[in-house]
Amino acid sequence: MDEDKIAREMERRRQLADRNTGAVVELLRRRQELRGIYPAADLVAENVGWVV
């Protein structure tokens, strides 16, 4: 693999991770009844809230 291809793939994965994190935060914002079901999702949502 060349360096350019590796860099593109790493950027693509970072964007997907950001999108997935944003989706979890938005879901937990809209559906408060889901809080507490999956502790890792709660942790992500709380930490993103501190960053923003």
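Along the chain, Gly 22 turns up in helix H1 (residues 3-30). According to the relative accessible area criterion, Gly 22 is partly exposed, its value standing at 38%. Along the chain, Gly 22 and Ala 45 lie 23 residues apart, while their C-alpha atoms are 8.5 Å from each other.

With that out of the way, let us pick up the side chain of Asp 42. Tracing the chain through its elements places Asp 42 in helix H2 (residues 39-51). The buried charged residue Asp 42 lacks any salt bridge partner; its closest oppositely charged side chain belongs to Arg 35, at an N-O distance of 4.1 Å. Polar side-chain contacts of Asp 42 include one of 2.7 Å to the backbone nitrogen of Gly 36. Not counting residues up to four positions away in its chain, the partners in contact with Asp 42 are Leu 28, Arg 35, Gly 36 and Ile 37.

Under the criterion given, the structure shown has seven salt bridges. Between Arg 12 and Glu 9 there is a salt bridge; the shortest N-O distance is 2.8 Å. Here the residue Arg 12 and the residue Glu 9 both occupy positions in helix H1, the gap between them amounting to three residues, near one helical turn. Residue class for Glu 9 comes out partly exposed when judged on its relative accessible area of 26%. Two residues, Arg 14 and Glu 11, come together in a salt bridge whose shortest N-O distance is 2.5 Å. Here Arg 14 pairs with Glu 11, and both are found in helix H1, just three residues apart, close to one helical turn. Through salt bridges with shared partners, a single network forms among Glu 9, Arg 12 and Arg 13.

What counts, and where the lines are drawn
Residue numbers here run from 1 along each chain, matching the order of that chain's written sequence. At least 70 in pLDDT is required for a residue's local features to be given in this predicted model, at least 80 for side-chain atom pairs to be given and counted, and no such filter applies to totals for whole chains, interfaces and linings, which use all residues. Calculated side-chain values reflect all of the structure's heavy atoms, with hydrogen atoms and water omitted. Numbering of helices and strands runs from the N terminus, with a helix taken as a DSSP run of H or I at least four residues long and a strand as a DSSP run of E at least two residues long. Categorising residues by exposure relies on relative accessible area from a 1.4 Å probe, with only protein chains included: less than 20% of the type maximum marks a residue as buried, more than 50% marks it as exposed, and the intermediate range marks it as partly exposed. Here the positive residues are Lys and Arg and the negative ones are Asp and Glu; neither His nor the chain ends is included. Basic side-chain nitrogens of Lys or Arg form a salt bridge, by our definition, when they fall within 4 Å of a carboxyl oxygen of Asp or Glu. Under the rule applied, a polar contact is a pair of N or O atoms within 3.5 Å (in protein, one hydrogen donor and one hydrogen acceptor; residues adjacent in sequence only if both atoms are side-chain atoms). Note on contacts: a residue pair qualifies if any of its non-hydrogen atoms lie within 4.5 Å across the two residues.

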